[in-house]
Amino acid sequence: MASFLLRRLLTLAASLGVTSVAVFFLLAVLPGSPAAVILGTQATPGAVQAEKVKLGLTAPLWDRYGHWIAGLLSGNPGVSYISQRPIGPQIGQALSVTGPLVGLGLTLGLLGGGVLGVLAALRNRRVSGALLSSLGQIGLAVPNFVAGILLVIVVGVKLHWLPTGGFNGWSQGVGPALRQLALPALALGIAEAAIISRFVRSSVVEVLQSDFLRTARAKGLRLGQALVRHGLRNAALPVVTVLGLELAGLLVGAIVVEQVFNLPGLGLLLIDAIDNRDIILVQDVVMLLAGTVLVVNTLVDVSYRLLDPRIGLDA
Amino acid sequence: MSLLDVEGLCVDLGRVPVLSEVSFSVGTAERVGLIGESGSGKSVTALAILGLLPASMTARGTVRLEGEDLLAASERRRAQLRGDRVAMVFQEPTSALDPLMRVGRQVGEVLRIHRGASRRQAHAEAVRLLGRVGFADPEAIARAFPHQLSGGQRQRVVLASAVACRPSLVVADEPTTALDVTVQAQVLDLLRHLVEESGSALLLISHDLAVVSSTCERLVVLYGGRVLELGRTAEVLEDPRHPYTAGLLATAAAVSDGSGLRGRLPALAGSVPSIGAFPSGCVYRNRCERADEACLALPRLESGQGDHRFACWHPLETGRAPEPRTGEASQSVVQGANRASGEKR
């Protein structure tokens, strides 16, 4: 167990290291410079060069990389080139929007996808099951920003049930804040539910045909009871694996959905930073996103082994 | 009234008949063998009795357990009876157990369902049952997961949970087929021992004549979803009246007495048609040497001596086996059967 965890942690650290190198050097070779953005279009090349020196952008790449990493490791993500404000609080602020948004989207996706998938599996090879499956297909085919715009038009503009965009922070109270996040979370959750429902469906269909479920019924459990006591846990195993992978898609989805609903989250922060060539802010946000995906996938890997006794923790 | 009365059981897969007019009975604490090649409808019979047929299949007729018609009963009622009054042992012990649940809990689960046992009571009883099926360290086995056990051990676990509630009937569908030859006999002995101990009747389903004949008091020969012959084991084996039964005996004998090793193994001509492709009239007529125009009509189960019955227009004469060698051979299977049951007593 210990050696497995140690190896997973080492793998995680190595992955994070490689990711940071990739993020840093890919951004470093991109054209454009924050110095040019700060000085505007009228600046002379000489002034831009001087500004670059002032910002520390002329230092050797490896030094700048080392400086950035050392800062990250000590919990200091640096200072924005453009606004000259520390990045830490900005990211914290954005996370207070994006974190709950992704969390809600994932929860909706899991609930919706789970229920839809189990129902579709139970109605396998019947008309109602096919309808449920095609509902999933539609959810899969509609991009989340389209779903978002449709939700804004129908639920927000026509029905006036929920606010259509913007976010005024958690200080306004949990209720109003959740109301503002409801539609974006739904837009994220629909696509997620569609994807998850497909995995849940095939997983449950397989479990329904399994011998051990038949054994459970032969012991006197009715189908529903057998499914709850024996089926769902077995069916959940493959879905857990997918969840780790889905998180990456969910983060990307959140960035797009934040644009549609004009939410001041990581997406808005990232896109502004790219527009401004605020390279260090871009590095930090991208690193945060990539790091989250890596950490969650490691957690999934570990939890998978806790869920399934057949995969030893020593392996 | 018998413990289990199957009468005119028909199972259809869509419009295709899988079982037709299957009738037989099992008495209290009696051991009955259901025998036939694969595709004959043995497993479907078992599932129909338990009410576990796949949704694509529909059953008609009556299946009475202790007088109660199971086919007419609600699913709720059938679930109450399953595991409690009638238990099932499946062919594949490997996949029959939940891979994520400790073995002890799976054995104790039946008691929690039907006896309202607490978690602790169920565990204690599970350990006791695991001891009864021959595990030296039942506590450790109870804590194990199925993948940590061998095939034979898993089937012992399945047997333990099958007899947990002392059911009046245990249906065992090829319980030893998936096992190593070396543990087949052990598991079969254990099964016989357990049903005897708990006073349960046994419906043993197998394609293996030796397995069935050494265990069961009566035999039902199934082919093409129909009962071709049934009666007391000794009578059916010594004096088979249906050509199909005689053919089965000849092949089994050649294997068991080694005579087959010296020449070609006798085999039943042709192969079992797929479901729905059996001929009209006598289902065996396209493989039968004795078939003629009479066989175009469906033969009914005719009474022979005692409760020995067979469905054939041209039955073998009583007391005479079809070929000399088959005659000797079937004798040796019977002797083998007697030997096996003698050892047990």
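Reading guide: rules and limits
- Residues numbered from 1 in each chain as written.
- Chains lettered and ligands numbered in written order.
- Predicted model: local features only at pLDDT ≥ 70, side-chain atom pairs only at ≥ 80, totals over all residues.
- Helix = DSSP H or I, 4+ residues; strand = E, 2+ residues; numbered from the N terminus.
- Contact = placed C-beta atoms within 7 Å.
- Nonpolar A, V, L, I, M, F, W, Y, C, P; charged D, E, K, R; others polar.
- Domains from an automatic or database assignment.
- pLDDT = per-residue confidence, 0-100.
- Buried ≥ 20, exposed ≤ 12 C-beta atoms within 10 Å, placed from the backbone.
- Pairing = 2+ DSSP bridges.
- Axes fitted to C-alpha atoms, helices over the stretch in contact; angles between N-to-C directions.

Student: Describe the overall build of chain A, listing the residues and the values that go with them.
Tutor: Helix and strand counts for chain A come out as 12 helices and zero strands. Across chain A, helices and strands are ordered from the amino to the carboxyl terminus as α-α-α-α-α-α-α-α-α-α-α-α. Across its three principal directions, the C-alpha atoms of chain A cover 85 × 60 × 35 Å. A fraction of 72% describes how many contacts in chain A between residues 6 or more apart in sequence connect residues 24 or more apart.

Student: Explain the interface of chain A and chain B to me, and be specific about the residues and the numbers.
Tutor: Listed per partner, the contact involves 17 residues of chain A and 24 residues of chain B. If you list the elements that add at least two residues to the side of chain A that touches chain B, you get α9 (211–218) and α10 (223–261) of chain A. Its residues assigned to classes, the side of chain A that touches chain B comprises four nonpolar, five polar and eight charged.

Student: Any chance you could break down the domain arrangement of chain A for me, citing the residues and the numbers?
Tutor: Residues and elements named next belong to chain A. Segmenting chain A into domains produces domain 1 (1–61 + 284–315) and domain 2 (87–275). A straight line from the C-alpha centre of domain 1 to that of domain 2 covers 27 Å. Between domain 1 and domain 2, the residue contacts involve 13 residues of the former and 14 residues of the latter. In terms of residue class, the side of domain 1 that touches domain 2 is made up of eight nonpolar, three polar and two charged.

Student: How would you summarise the confidence of the model for chain B if you had to cite specific residues and measurements?
Tutor: Residue and element names in this part refer to chain B. With 88% of its residues at a pLDDT of 70 or more, chain B shows a mean pLDDT of 85. The low-confidence segment residues 321–345, where pLDDT is below 50, has 46 contacts with residues more than four positions distant or belonging to other chains. In the predicted complex, the global pTM is 0.79; the interface-specific ipTM is 0.83.

Student: Report on the pairing of strand β3 (residues 31–35) of chain B, specifying residues and quantitative values.
Tutor: Residue and element names in this part refer to chain B. Of all the five residues making up β3, five are buried; the element is thus mostly covered by neighbouring parts of the structure. Residues Arg31, Gly33 and Ile35 of β3 are buried on one face, and the alternating residues Val32 and Leu34, pointing to the opposite face, are buried as well. Across five bridges, β3 lies against strand β8 (residues 201–206) in parallel orientation. Within the sheet, the bridge partner assigned to valine 32 lies in β8 and is leucine 203. The pairing of β3 with strand β9 (residues 218–223) spans four bridges and is classified as parallel. Bridge assignment links valine 32 to a residue of β9, and that residue is arginine 218.

Student: Talk me through the sheet that holds strand β2 (residues 16–26) of chain B; I want residue IDs and the actual numbers.
Tutor: Residue and element names in this part refer to chain B. As summarised here, the arrangement of the four strands in space is β2-β1-β4-β5, forming an open sheet in which the pairing is antiparallel. The open sheet is flanked by β2 and β5 (68–69), the only strands paired with a single partner. Strand contacts of helix α1 (residues 42–50): β1 (4–13), β2 and β4 (57–65), with the helix running at about 70° to β2, the strand carrying the most contacts.

Student: Provide a residue-level description of the domain arrangement of chain B, including the pertinent values.
Tutor: Each assigned domain of chain B is listed with its residue range as follows: domain 1 (4–207) and domain 2 (233–344). Of the residues contributing to the side of domain 1 of chain B that touches domain 2 of chain B, the split by class is three nonpolar, three polar and two charged.

Student: Break down the sheet that holds β9 of chain B for me, with residues and values.
Tutor: Residues and elements named next belong to chain B. One open sheet holds the eight strands; their spatial order is β6-β7-β8-β3-β9-β10-β12-β11, and the pairing between them is mixed. Each edge of the open sheet carries a strand with a single partner, namely β6 (86–89) and β11 (302–303). Set on the sheet, α1 makes contact with β3, β6, β7 (169–173), β8 and β9; between it and β7 the angle comes to about 150°.

Student: Report on the confidence of the model for chain A, specifying residues and quantitative values.
Tutor: In the predicted model, chain A carries a mean pLDDT of 86, and the fraction of residues at 70 or more is 98%. No element of chain A has a lower mean pLDDT than helix α7 (residues 144–158) of chain A, at 78, and none a higher one than α9 of chain A, at 93.

Student: If you had to explain unusual backbone geometry to someone new, which residues and values would you point to?
Tutor: In the Ramachandran plot, asparagine 262 of chain A falls in the positive-phi region, its phi being about 55° despite a non-glycine side chain. Its place among the elements puts asparagine 262 of chain A in the loop between α10 and α11 (266–275). C-beta crowding within 10 Å serves as the criterion here: with 12 such atoms nearby, asparagine 262 of chain A is assigned to the exposed category. The phi dihedral of glutamate 66 of chain B is positive, around 50°, even though this residue is not glycine.

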